[in-house]
Amino acid sequence: MTPTASLEPPARVLLGPGPSIVSPRVLRAMSIPLVGHLDPAFLRIMDETKRLLQFVFQTRNELSIPISGTGSAGMETCLVNLLEPGDEAVVCVNGVFGTRMADIVERCGATLTKVDAPWGRVIDPADVAAALKRCKRPKLVAIVHAETSTGAWQPLEEISALAHGAGALFVVDTVTSLGGCPVRVDDWGIDTCYSGTQKCLSCPPGLAPVTFGPRAVEALRRRKSKVQSWYLDLTMIEKYWSAERVYHHTAPITMNYALYEALRIIEEEGLDARWARHERNHQALKAGLAAIGLSIASQESHQLWTLNSVTIPDGVDDARVRSALLDEFNLEIGGSLGPLKGKTWRIGLMGESSTAANVLLVLSALERVLPRCGYGVEPGVALAAAQRVYAEARESVGA
Ligand SMILES: Cc1ncc(COP(=O)(O)O)c(C=O)c1O
């Protein structure tokens, strides 16, 4: 019998919709020996993690913790803990992840009112206002801040005010925004939101940071029925993350080490500097793409810095280009889902992946590959356009 091959996946440059590149510091943290999940040393790490999550979420919420599971576990945690059968929920749907929230709302036995916008466009607050009027007693309004499936960047404050005006809680998906662009939970009146570790936090997938504010916690306390999910029931999980330290499930120790280190990296960089880096790299990529006639597909002035949805030129084979980038440049970019499949590429510039070197790499790789796939490109123009953006940014800070 031939022995099983050793584990040797290639070291890719991850510029897809997630996971993003993980810092060597985070990888080292994952090789630290385990302690028990109630060891005093781990309890200290938990407390520091809560503080660091309050910092990245920009909130004072005590209940700011990582849920064991990927971003979807965060989504499910927020919805199953707030909704009871018969509640009314308004869900904004303009891509894959709004669609999933709507699905979970129905699985909770709640009555769903959907607010739709075409994929790639943002939700119009007037449509949310109209939906709220159709409800008797809306319990929550749920929305995606950064739609990874389309690259649309949703403004939140007006919709937050509408939700509160109708007596509803405001629930936000920040999976592709937290750590990459401003997320201000307290200032924007977000009652609960969730994220994932593998995007702009640049950790492996496996934890879902969530934060619950006072109104959301009160709704949790006032529940008449048990939370539908045992594993994601915050009334029990919070007892492990608070002074009581009651065992609920064995915390994934290694993933918590990873998140701790990733959050420390963000603290060291500073949120403002980190957001500015993501903006600069997005602008450089966009300029480079424009120079070779490629455009960002999501709504103008609502284009994410973290996820660039690029229109595939007519006649160019989506999969052929992505395979060439992977095979020849070790570079992953994403295809798209649903109605955008074959029409857009998704280039993620998240966390550790958001660097000038990676922007220049993907542009030069596209300059090489596209002509072979039937789309003529003048060599060097994309790189030159991106480099002009970096030069201007250096001049503006006097560097
Ligand atoms: C906006 C958004 N929400 C939720 C999720 C689900 O996260 P996960 O795949 O980590 O479960 C994703 C994943 O890409 C996402 O982009």
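Relevant structure appears above.
Residues numbered from 1 in each chain as written. Predicted model: local features only at pLDDT ≥ 70, side-chain atom pairs only at ≥ 80, totals over all residues. Heavy atoms only, no water.

**Student:** Explain the site of the ligand to me, using residue names and the numbers behind them.
**Tutor:** Around the ligand, a shell composed of 13 residues is seen, among which Thr70, Ser72, Thr148, Asp173 and Lys199 lie nearest. Contact between the ligand and glutamine 198: an oxygen atom at 2.7 Å from a side-chain N or O atom of the residue. Broken down by element, the shell around the ligand gets its largest block of residues, three residues, from helix H3 (residues 71-82). In terms of residue class, the shell around the ligand is built from five nonpolar, six polar and two charged. (Near = heavy atom within 4 Å. Polar contact = N/O pair within 3.5 Å; in protein donor to acceptor, adjacent residues only side chain to side chain. Helix = DSSP H or I, 4+ residues; strand = E, 2+ residues; numbered from the N terminus. Nonpolar A, V, L, I, M, F, W, Y, C, P; charged D, E, K, R; others polar.)

**Student:** Which residues make up the pairing of strand E5 (residues 138-144), and what values do they have?
**Tutor:** Counting buried positions along E5 yields seven of seven residues, so the element is predominantly enclosed. Both E5 and strand E8 (residues 169-173) contribute to a ladder of five bridges, which runs parallel. Within the sheet, the bridge partner assigned to alanine 142 lies in E8 and is valine 171. (Buried < 20%, exposed > 50% of the residue type's maximum accessible area, 1.4 Å probe, protein only. Pairing = 2+ DSSP bridges.)

**Student:** I'd like a description of helix H5 (residues 125-134), backed by residues and values.
**Tutor:** Turning to H5, its buried residues number three or more, namely Pro125, Val128, Ala129, Ala131 and Leu132. Take H5 and look down its axis: the buried residues cluster within an arc of 165 degrees, on one side only. Every exposed residue of H5 that faces more than 90 degrees away from the buried side is listed here: Lys133 and Arg134. Buried positions along H5 lie against strand E3 (88-93), strand E4 (111-116), E5 and helix H6 (157-165). Backbone nitrogen of alanine 126 and a side-chain oxygen of the N-cap are separated by 2.9 Å at the start of H5; the cap is aspartate 124. (Arc of directions from axis to C-beta. Contact = heavy atoms within 4.5 Å.)

**Student:** Give a detailed account of the pattern of salt bridges, specifying residues and quantitative values.
**Tutor:** In this structure the tally under the stated criterion is 18 salt bridges. A salt bridge links glutamate 269 to arginine 274; the nearest nitrogen and oxygen atoms lie 2.9 Å apart. Classification of arginine 274 as buried rests on a relative accessible area of 2%. Linked by salt bridges that have partners in common, Arg25, Glu261, Arg264 and Glu268 make up one network. (Salt bridge = Lys/Arg side-chain N within 4 Å of Asp/Glu carboxyl O.)

**Student:** I'd like a description of the side chain of aspartate 318, backed by residues and values.
**Tutor:** As for its placement among the helices and strands, aspartate 318 is situated in helix H11 (residues 318-329). Only 2.9 Å separates the side chain of aspartate 318 from the side chain of tryptophan 345, close enough to count as a polar contact. Every residue in contact with aspartate 318, bar those within four places of it in the chain, is listed here: Ile312, Gly335, Gly342 and Trp345.

**Student:** Report on the sheet that holds E5, specifying residues and quantitative values.
**Tutor:** Pairing is mixed across the open sheet formed by seven strands, whose spatial order is E2-E10-E9-E8-E5-E3-E4. Unpaired on one side and paired on the other, strand E2 (63-68) and E4 mark the two borders of the sheet. Here the average twist between neighbouring strands, direction ignored, is 20 degrees. Along the sheet face, helix H8 (residues 234-241) touches E2 and strand E10 (207-212) and points at about 105 degrees away from the line of E2. (Axes fitted to C-alpha atoms, helices over the stretch in contact; angles between N-to-C directions.)

**Student:** A description of the pairing of strand E11 (residues 307-311) should follow, citing residues and the corresponding values.
**Tutor:** Most of E11 sits inside the fold, with four of its five residues counted as buried. Inspection of the sheet shows E11 paired to strand E13 (residues 344-348) by five bridges, in the antiparallel sense. Opposite leucine 307, over in E13, you have glycine 348 as the bridge partner.

**Student:** Summarise helix H7 (residues 214-221); cite the residues concerned and give the values.
**Tutor:** For H7, every residue scored as buried is listed here: Ala216, Val217, Ala219 and Leu220. For H7, the angular spread of the buried residues around the axis is 160 degrees, confining them to a single face. Counted as exposed and oriented over 90 degrees from the buried face of H7: Pro214 and Arg221.

**Student:** Outline the packing of helix H10 (residues 271-291) against helix H12 (residues 356-369), supporting the account with residue identities and numerical values.
**Tutor:** Their axes nearest at 9 Å, the elements H10 and H12 cross at an angle of 15 degrees. Compared by their axis directions, H10 and H12 come out roughly parallel. For the pair H10 and H12, the crossing hand works out as right-handed. Across from Asn281, Ala284, Leu285, Gly288 and Leu289 in H10, the residues of H12 making contact are Ala356, Val359, Val362, Leu363 and Leu366. (Parallel < 35°, antiparallel > 145°, perpendicular 65-115°, else oblique. Left-handed = near helix turned anticlockwise from the far one by under 90°.)

**Student:** Lay out the packing of aromatic side chains with the relevant residues and their values.
**Tutor:** Counting across every chain of the model gives two aromatic pairs. Taking 4.8 Å as the distance between ring centres and 80 degrees as the angle between the ring planes, the aromatic pair formed by tryptophan 153 and tryptophan 305 counts as edge-to-face. Here the residue tryptophan 153 occupies a position in strand E7 (residues 152-153), and tryptophan 305 occupies one in the loop between H10 and E11, the gap between them amounting to 152 residues. What makes tryptophan 153 buried here is its relative accessible area of 18%. With a centroid separation of 6.0 Å and an interplanar angle of 75 degrees, the aromatic rings of tyrosine 240 and tryptophan 241 are classed as edge-to-face. Here tyrosine 240 and tryptophan 241 have matching classes, each one buried. (Phe/Tyr/Trp six-rings, centres within 6.5 Å; stacked < 30°, edge-to-face > 60°.)

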